[in-house]
Structure formats: C-alpha cells, structure tokens
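Letter by letter, the chains look like this.
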Amino acid sequence: WIAAVVHPFTMPTYVHDGLTLWYEETGGGSPVIFVAGAMSDHTTWDIIVPQLSGLRSITLDNREIGNSSFARRDYTVRDMAGDVLALMGHLGLERASIVGHSLGGKIAQELALMAPARVDKLVLVCSSARHDVQSRSLMELWISLREEIADDLVFVQIVCLCAMGPKTLAQIPLQDAAEMWMARAPLQRGSAFIRSIETSLANDTLPRLGEIQAPTLVIYSDADRIFPQKHGEQLVAGIPGAQGVLMENCGHAPMAERPAEFARIIQEFLLS
C-alpha cells in the first residue's frame, strides 16, 4: 500500500517565515496543491499524482519534515497554511485547489479561511475540524509513546496499526508496512512529530466552517481510527454546500489503500 519512488536530484525550494521549504510539481492544467498530514511528506501522494490528468499537481514537504527546514519556534496550523500561501506566491498562482489529508486537511481549512479568494476548490481527506475525546486521547498517547519508544520501527508499527484499514491489516504484516514507510522517506524527527501533533491538537475550525467559500469535497472512511467517520460528517454539515464521499472498509489513508478509486474521485471533483 506504500510505493517508493526515486525523485530527481533537482530540489526546488522557497523561503517563508525563516524556513526553506521544498516542493515538487508535475503535469499541466489547473493547479492543485497537495498537503500531507503529520509524519508524512510529499511521498504521501506518489501513487496518486501519476494517475491524474488535466491537473498541475504540486506536492510539498511541510515544515519540519522531508526536505524542508526545522522550525526554531512553536507554530500553529495557521502558520502552516501561510507556508502554502507563500508557495502559491512563489509559483505566481493567483488561485489553486487544495487537497489536504489529516493535519493537511486542517491546514487546507485554515488557508480557505484566511485567503478565500485564493482557493479554487477544497478537498479534505480523513480530516477534522475539532478534536474530540477519542482523537485527542489517541494523539496524546502518540506523544507519550514517541517520547518513550527509542526504536523507530516499533513506533511506526503503532502508527500503521492506527492508520491502516481492516482489509490492509489482514494482508500486510505491521512490520512490513512500517519498513515500507521508512524506506519511502526519512522518518520525521521525534521532536518535530510531537510538535506537529501538538499543533493539530490546538487547532479548531468548527465555529468558522460556515465561512468557507470554496466548493468543498470531504472524503472520509468508515474504518478510520484516527478521525472516525463522524469527523467527516461534521465537516460536510458545517461547510456550506460541501459534498461528502464515504469510502467503506478503508482506514485513515484511502489514497494509499484505494489509490485508483481515490484518484478518480478527486479528479472528477477538481475538473468538474
């Protein structure tokens, strides 16, 4: 469910908020920026982007992961949305669609709220407006485990257990899944992972969802243990005119577990 891809040696970057941030682009057509979640970089979208046509696909590494810089101070989801807005400025994009997964979906929401005229369409994937007891407790546990577990492979297996859907869990041993994850890209530094989770926990867009103007598609899964189905339904109910798509028997990363279906769904929405 995870594919490793060899990337070109060129490393396009831009500078924002004192950070050097990395991005990659491919294809032509309407611009769409893909924003990954916590502990994930641009390789999150490696299976999806080649399946898309008619779109200029732009993937980036969020601050503190992949090829991007580590921050020297705490930051907010709004700051991370500012990173994406700065990328648009760097590329000369007046408008772009935004696809965000998990924490990336929170970043996408904040961007749509802070710069509504710059967002063409919005796709929120297995994301949330506000943490509830379940998601908050899980992420607080992740922080504690990241602080206590020295073996990266063991920690990644725990995250895979939470992220993978039942069908995938029945097919791929956790250790194999974790090894594929770690082979795909360098693992995020523990302190950076903790800070990204704390950033997610502090974010709350629920009271402001009604202000989102961009046409929005919410993709959510029935077997997501991180942001269960009710989070997706809450986004659909709160964002004016939002469409919802439920992917059944799927975990927290439908773009990895059901890439062909996922690519078809977002391409149809983005090009409609």
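Going by the structure above, here's the rest.
Each value, and the rule that gives it
- Residues numbered from 1 in each chain as written.
- Predicted model: local features only at pLDDT ≥ 70, side-chain atom pairs only at ≥ 80, totals over all residues.
- Heavy atoms only, no water.
- Helix = DSSP H or I, 4+ residues; strand = E, 2+ residues; numbered from the N terminus.
- Expected span 1.5 Å × (residues − 1).
- Buried < 20%, exposed > 50% of the residue type's maximum accessible area, 1.4 Å probe, protein only.
- Contact = heavy atoms within 4.5 Å.
- Axes fitted to C-alpha atoms, helices over the stretch in contact; angles between N-to-C directions.
- Parallel < 35°, antiparallel > 145°, perpendicular 65-115°, else oblique.
- Phe/Tyr/Trp six-rings, centres within 6.5 Å; stacked < 30°, edge-to-face > 60°.
- Lys NZ or Arg CZ within 6 Å of the ring centre and 35° of its normal.
- Pairing = 2+ DSSP bridges.
- Right-handed = clockwise from strand over helix to strand, strands pointing away.

K.L.:
Just checking my understanding: could you explain helix H2 (residues 103-114) for this structure?
P.N.:
Spacing of three or four residues puts side chains on the same side of an α-helix, whose turn is 3.6 residues. Taking 1.5 Å per residue, 12 residues should reach 16 Å; H2 reaches 17 Å between its end C-alpha atoms and fits that length. By the burial criterion, the buried members of H2 are Leu103, Gly104, Gly105, Lys106, Ile107, Ala108, Gln109, Glu110, Leu111, Ala112 and Leu113. Each element contacted by the buried residues of H2 is listed here: strand E3 (30-35), helix H1 (77-91), strand E5 (96-101), strand E6 (119-125), helix H7 (190-202) and helix H8 (229-238).

K.L.:
Can you help me understand the packing of H1 against H2 in this one?
P.N.:
Two measures define how a pair of helices packs: the angle their axes make with one another and the distance between the axes. Their axes nearest at 8 Å, the elements H1 and H2 cross at an angle of 75°. Of the possible angle classes, the one that applies to H1 and H2 is roughly perpendicular. Along its contact with H1, which presents Val77, Arg78, Met80, Ala81, Gly82, Val84 and Leu85, the element H2 presents Leu103, Lys106, Ile107, Glu110, Leu111 and Met114.

K.L.:
Which parts of the structure should I look at to understand the packing of aromatic side chains?
P.N.:
Aromatic rings in a pair are described by how distant their centres are and how their planes are angled relative to each other. Using the criterion set out here, one finds 4 aromatic pairs in the structure. Ring geometry for Phe155 versus Phe193: centroids 5.3 Å apart, planes at 75°, classification edge-to-face. With Phe155 in helix H4 (residues 152-163) and Phe193 in helix H7, this pair connects stretches of sequence that are 38 residues apart. Counting every residue linked through ring pairs, the aromatic cluster contains Trp142, Phe155 and Phe193. Sitting above the plane of the Phe269 ring, Lys121 keeps its charged end 5.2 Å from the centroid. For Arg189, the ring lying beneath its charged end belongs to Phe70, and the centroid distance is 3.7 Å.

K.L.:
When you look at the sheet that holds strand E2 (residues 19-26) in this model, what are you seeing that I'm missing?
P.N.:
Within a beta sheet, neighbouring strands are joined by backbone hydrogen bonds and run either parallel or antiparallel to one another. Judged by pairing direction, the sheet is mixed, and its 8 strands sit side by side in the order E1-E2-E4-E3-E5-E6-E7-E8 without closing on themselves. Where the open sheet ends on each side, the last strands, each with one partner, are strand E1 (13-16) and strand E8 (243-247). Strand-to-strand twist of the sheet, defined as the mean angle between neighbouring strand axes without regard to direction, takes the value 25°. In this structure, E5 lies alongside E6, joined through 5 bridges in parallel fashion. Looking at the pairing, Val99 lines up with Val123 of E6. Seen against the sheet, H8 touches E6, strand E7 (216-221) and E8 and runs at an angle of roughly 165° to E7.

K.L.:
Whenever I open this one, the pairing of E8 confuses me. Can you help?
P.N.:
Strand residues, when the strand is regular, have side chains that alternate between the two faces of the sheet. Examined bridge by bridge, E7 and E8 share 5 bridges and lie parallel to one another. Residue pairing for E8: Ile219 is matched across the bridge by Val245. As a crossover connection, the stretch from E7 through H8 into E8 is right-handed.

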